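# Close look at the chain arrangement
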Amino acid sequence: MPRIADEILFTHIEVALAVASEATLVGLGADDPRTQRNARVDLARHLVERMQGLEIEGEGNAGGSSQPTLFPGDLSPIG
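Our subject in this report is the structure included herewith. All figures in this text were calculated on a predicted structure; none of them were measured in a lab. (Residues numbered from 1 in each chain as written. Predicted model: local features only at pLDDT ≥ 70, side-chain atom pairs only at ≥ 80, totals over all residues. Heavy atoms only, no water.)

### Observations concerning helix H3 (residues 33-51)
Over its 19 residues, H3 runs 27 Å from end to end, which matches the ideal 27 Å to within 8%, given 1.5 Å per residue. Ala39, Leu43 and His46 are the residues of H3 that are buried. The buried residues of H3 occupy an angular sector of 60 degrees when the element is viewed end-on, so they sit on one face. Exposed positions of H3 whose direction lies more than 90 degrees from the buried face are Pro33, Arg34, Arg45, Val48 and Glu49. Tucked into the core, H3 has its buried residues touching helix H1 (6-18) and helix H2 (22-28). (Helix = DSSP H or I, 4+ residues; strand = E, 2+ residues; numbered from the N terminus. Expected span 1.5 Å × (residues − 1). Buried < 20%, exposed > 50% of the residue type's maximum accessible area, 1.4 Å probe, protein only. Arc of directions from axis to C-beta. Contact = heavy atoms within 4.5 Å.)

Okay, structure coming up:
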């Protein structure tokens, strides 16, 4: 499987975390282990849903096409 550039993966994960529900993020720091686990599961599901659009292509497919965005609309030009 071809490797995704670290910077591309980092950006997509950062955006996914930025739009994760506040309840999930708060749950990660909860005192109750069950709440923490539920928050981790919710966050993992959220990340999987957001990354389903990621297409991994080898260098042999680099025919000038750019990597499609995982977050249509989220990273669109302002204005």
